[in-house]
Amino acid sequence: MSDPIVRIAARGDGVTSSGRHVAFAAPGDLLLDDGSLEHGPAHQAPPCSLFPMCGGCQLQHLTDRAYADYCASRIQGALSQHGLTADILPAYLSPPRTRRRASLRALKAGGKVVIGFNEAGSNRIVDMTECHILHPSLFDLLGPLRRLLASILPVRRVAEVQLTLLDAGVDVALKGVEAEGYEAAQALTDFCERHGLARLSLDEGFGAEIRYEPQPATITLGGTAVGFPPGAFLQATHDGEAVLVSAVKEASMGASRLADLFAGLGTFALALEGRVMAAEASRDAVLALKSAASAAGRPIVAEHRDLYRRPYDAGELSGFDAVVLDPPRAGAVDQVRELARSGVPRIAYVSCNPATFARDAAMLASGGYRLCWVKPVGQFRWSTHVELAAAFSR
């Protein structure tokens, strides 16, 4: 007797009506008696020949509609565990080949260099000969990087390769390589000039050292060019960032005094109208935001503050019309506890983890806030990583 797939679990397995987990199944598929799958209308042929071996994607077998439903269901399920409901808006999915940052691994063995993501559940690197998620500016560098690493990567040592698309080109950071002497230095410079890099940094075991940066590396946020410190955070896609910014502006509409907590380089602070106080734990990010805001004449006060150790208390928050917060995956328990005690009329919450968001949302609800709506955002296309923006009001 066949068993239908009714949903996708948080880690990407299909789940049947009887509770069985089935890898690479889609809602509407049928699990047959012999263990095979009969595909339904939500199942598509994966576009990439490396799927599912490559660990970069887990859900390429889902149609766009099924993937959007998965993103929404992750949020609904997390909220329901805390007794919460909300208006879940249609999910936004970043198109293929738009990811502008990636952390890859490289290995030199068997006379060649392989670069890519790890195989799912393994330390084996899958050589990225094809990719449907990376921006072409990043993917096109992989061939040249293989040739460069052939000369500076020791045999059987795993290197980390971080790629970020900035205003003037790609920012490349390599860790675990060795490039000593004049010839190696010249080869690095030639590589950077030949491929128009914005910056190249090497970490040979003593921290990142910039080896090439013809002009200050920047990223434009809210129409303002901001210096981009090596290793700084950036939303995964430009279009996904725009959707999150639009949602935050809607959630805080009309506010003239705003606080942007976990502000980073100013993704939201630089896009908001009114006077903004931006708090961030990274000193380099704060200095970059201060400099950019000053140069652009923006009314932004940037404060270096670790909100996990020193959250703003309810009294400090009382002077704001709206608060924006975009914490790391762990959420912001202590800061949210103070927000729940505050009188701030509106909160825009951006999250990369539905589970910790739901936990924090429950704290806000217990403090008298209403969860108005949630916007799912799938920047990490075909992965189980779901982001969101939400609006709360009193």
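It should be emphasised that the depicted structure is a prediction, and the values quoted were computed from it without experimental measurement. (Residues numbered from 1 in each chain as written. Predicted model: local features only at pLDDT ≥ 70, side-chain atom pairs only at ≥ 80, totals over all residues. Heavy atoms only, no water.)

> Would you mind going over the overall build of the protein chain with me for this structure?
If you tally the helices and strands in the protein chain, you get nine helices and 22 strands. Against the 2.2 N^0.38 benchmark of 21 Å for 394 residues, the protein chain shows a C-alpha radius of gyration of 23 Å, consistent with a compact globule. Over its C-alpha atoms, taken along the principal directions, the protein chain stretches across nearly 65 × 65 × 30 Å. Buried residues in the protein chain amount to 52% of all 394 residues. Across the protein chain, contacts joining residues at least 24 apart in sequence account for 61% of those joining residues at least 6 apart. (Helix = DSSP H or I, 4+ residues; strand = E, 2+ residues; numbered from the N terminus. Rg over C-alpha atoms; globule rule 2.2 N^0.38 Å. Buried < 20%, exposed > 50% of the residue type's maximum accessible area, 1.4 Å probe, protein only. Contact = heavy atoms within 4.5 Å.)

> Sorry if this is basic, but what is going on with the packing of helix α8 (residues 333-341) against helix α9 (residues 354-366) here?
How two helices sit against one another is set out by the angle between their axes and by the gap between those axes. Viewed as axis vectors pointing N to C, α8 and α9 meet at an angle of 20°, and their least axial separation amounts to 8 Å. Taken together, the axis directions place α8 and α9 in an arrangement best described as roughly parallel. Viewed along their axes, α8 and α9 form a crossing whose handedness is right-handed. On α9, the residues that touch Val 333, Val 336, Arg 337, Leu 339 and Ala 340 of α8 are Arg 359, Asp 360, Met 363 and Leu 364. When grouped by side-chain class, the residues that make up the contact of α8 with α9 number six nonpolar, no polar and three charged. (Axes fitted to C-alpha atoms, helices over the stretch in contact; angles between N-to-C directions. Parallel < 35°, antiparallel > 145°, perpendicular 65-115°, else oblique. Left-handed = near helix turned anticlockwise from the far one by under 90°. Nonpolar A, V, L, I, M, F, W, Y, C, P; charged D, E, K, R; others polar.)

> Looking at this structure, how should I read the packing of aromatic side chains?
Enumeration according to the criterion identifies five aromatic pairs in this entry. Centroid distance Phe 24 to Phe 51: 5.7 Å. Interplanar angle 75°. Geometry classified as edge-to-face. Linking Phe 24 in the loop between β3 (21-22) and β4 (30-31) with Phe 51 in the loop between β5 (37-38) and α1 (64-80), this pair joins segments that are 27 residues apart in sequence. According to the relative accessible area criterion, Phe 24 is partly exposed, its value standing at 38%. For Phe 51, a relative accessible area of 13% translates into the label buried. (Phe/Tyr/Trp six-rings, centres within 6.5 Å; stacked < 30°, edge-to-face > 60°.)

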